[in-house]
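Architecture at a glance
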Amino acid sequence: MSILVFVENADGQVKKTSLEAVAYAAAISEDVIALAMGNNIDQSELEGLGKYGATKVLHADDEKLNQGIIQAYATVISKAMESTGADILVLANSSLGAPVSARVAIKTDASLVSNVVDLPDTSAGFKVKRSIYTGKAFANVELTKDKKILAIKKNAAEVKEADGSAAVEKFAADLADSEFDAKITNTDKATGEVLLPEAEIVVSGGRGLKGPENWGMIEELAKELGAATGCSKPVSDMEWRPHHEHVGQTGVKVSPQLYIAIGISGAIQHLAGVNSSKNIVVINKDPEAPFFKAADYGIVGDAFEVVPKLTEAIRAA
Ligand code: FAD
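Residues numbered from 1 in each chain as written. Predicted model: local features only at pLDDT ≥ 70, side-chain atom pairs only at ≥ 80, totals over all residues. Heavy atoms only, no water.

Quick look at the overall build of the protein
Looking only at helices and strands, the protein has nine helices and 16 strands in total. Radius of gyration (C-alpha) of the protein: 21 Å, near the 20 Å computed for a compact globule of 317 residues. In terms of overall dimensions, the protein has C-alpha extents of about 60 × 45 × 40 Å along its principal axes. Relative to its 317 residues, the protein shows a buried fraction of 47%. Looking at the protein alone, contacts between residues at least 24 apart form 64% of all its contacts between residues at least 6 apart. Just so you have it, the protein exposes about 15,200 Å², and 48% of that area is on carbon and sulfur atoms. Of the charged side chains in the protein, 32 are positive and 43 negative, and the gap between their average positions amounts to 5 Å. (Helix = DSSP H or I, 4+ residues; strand = E, 2+ residues; numbered from the N terminus. Rg over C-alpha atoms; globule rule 2.2 N^0.38 Å. Buried < 20%, exposed > 50% of the residue type's maximum accessible area, 1.4 Å probe, protein only. Contact = heavy atoms within 4.5 Å. Areas by Shrake-Rupley, 256 points an atom, 1.4 Å probe, with all protein chains shown as cover. Lys, Arg positive; Asp, Glu negative; His and termini not counted. Charge placed at Lys NZ, Arg CZ, Asp CG, Glu CD.)

Here is the structure:
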């Protein structure tokens, strides 16, 4: 059973969510073909996909594919599925993967399921578990068409590095100019060094920080940890922080390895954006704050005392 995996890159580096997609596919099949696009990705990155379970890498190295042009990507993936005979496509349920997967499903007449959190059950049919209601419940979905597309939720598959490298082959996509009729002319990074949706560590602040003038300590802690900064909705509503940092049901959904919530009460709408984080640390002066129920570790204390000490301790470590 051949599985095609769409591999995304950021500035030439394969994204971790795509490594998770490769690892997911490798847990199902021994015939995993990764597909990468654009000419700005390192050859060593492509060969290195073998360490995560890819047996072959197809590289559509057209320069026009350097940017995430969704319709062109969907066409390349559909062509690659056809030429490899892969009936299953696995990709990250990312801001790029999600719209691409929908287009590929139409083009290839495939069953599509997003937010997949577990390996498929093939004992009777082909069923997968997906996360629903912003992570509060799961649904088991049966995919009935011959072609199947699985968009994997971040952190759902464990990435293990092993020895190995994959052979890289060029893939000629032969794309028409009409595939590029909606062009990205430039991109601006919305946040600082680390992008919030991709971040492995997020340091987030709430109304408990009293005002925008107190965000220096949040930024300092984030800098020490190589983290992105986030905030609760009222904080961005009051313009203490920019709106793109607002985490939650109506903001950015994050799935970092570590989410540190400082002076945030833990309202259900905030938790909806963070509940697939691997580890949650809560710093709040109120021991009854609801966030403690969702926390792996909690510190009951005044953020203005705890955070500078924590930053100092990390710096000294
Ligand atoms: P508060 O609820 O005011 O909590 C502040 C916390 O800081 C308290 O727990 C307090 O004990 C603590 N604190 C105070 N001083 C200190 C100190 N010195 N040291 C340590 N701790 C201290 N909210 C979101 O965040 N994201 C969303 O996407 C979102 N979507 C929403 C959608 C809808 C439809 C609605 C109705 C609401 C939504 N909200 C959302 C708002 C949400 O319900 C909460 O009101 C909000 O999350 C509260 O923000 P907060 O925790 O920063 O503030």
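So, the environment of G208
Relative to the helices and strands, G208 is located in the loop between β12 (201-205) and α5 (216-225). The spatial distance from the C-alpha of G208 to the C-alpha of S232 is 10 Å, given a sequence separation of 24 residues. When sequence neighbours within four positions are dropped, the list of residues in contact with G208 reads G263 and F304.

So, the site of the ligand
In the vicinity of the ligand there are 26 residues, among which S232, T250, S265, Q269 and N284 approach most closely. Between Q249 and the ligand, the recorded distance is 3.0 Å, taken from a backbone N or O atom to an oxygen atom. H270 has a polar side-chain atom sitting 2.8 Å from an oxygen atom of the ligand. Relative to its unbound accessible surface of 980 Å², the ligand loses 75% to contact with the protein. When the residues that make up the shell around the ligand are grouped by side-chain class, the tally is six nonpolar, 14 polar and six charged. (Near = heavy atom within 4 Å. Polar contact = N/O pair within 3.5 Å; in protein donor to acceptor, adjacent residues only side chain to side chain. Nonpolar A, V, L, I, M, F, W, Y, C, P; charged D, E, K, R; others polar.)

Description of the UniProt feature "binding site: FAD" (unreviewed entry) in the protein
Mapped onto the present numbering, the UniProt feature "binding site: FAD" (unreviewed entry) falls on R207, G263, I264, S265, G266, A267, I268, Q269, H270 and N284. One can find G266 in the loop between β14 (258-262) and α7 (268-271). Residue class for G266 comes out buried when judged on its relative accessible area of 5%. Other than its neighbours up to four places away in sequence, G266 contacts L271, P290 and F291. (UniProt positions renumbered as here; feature names shortened; annotations may be inferred.)

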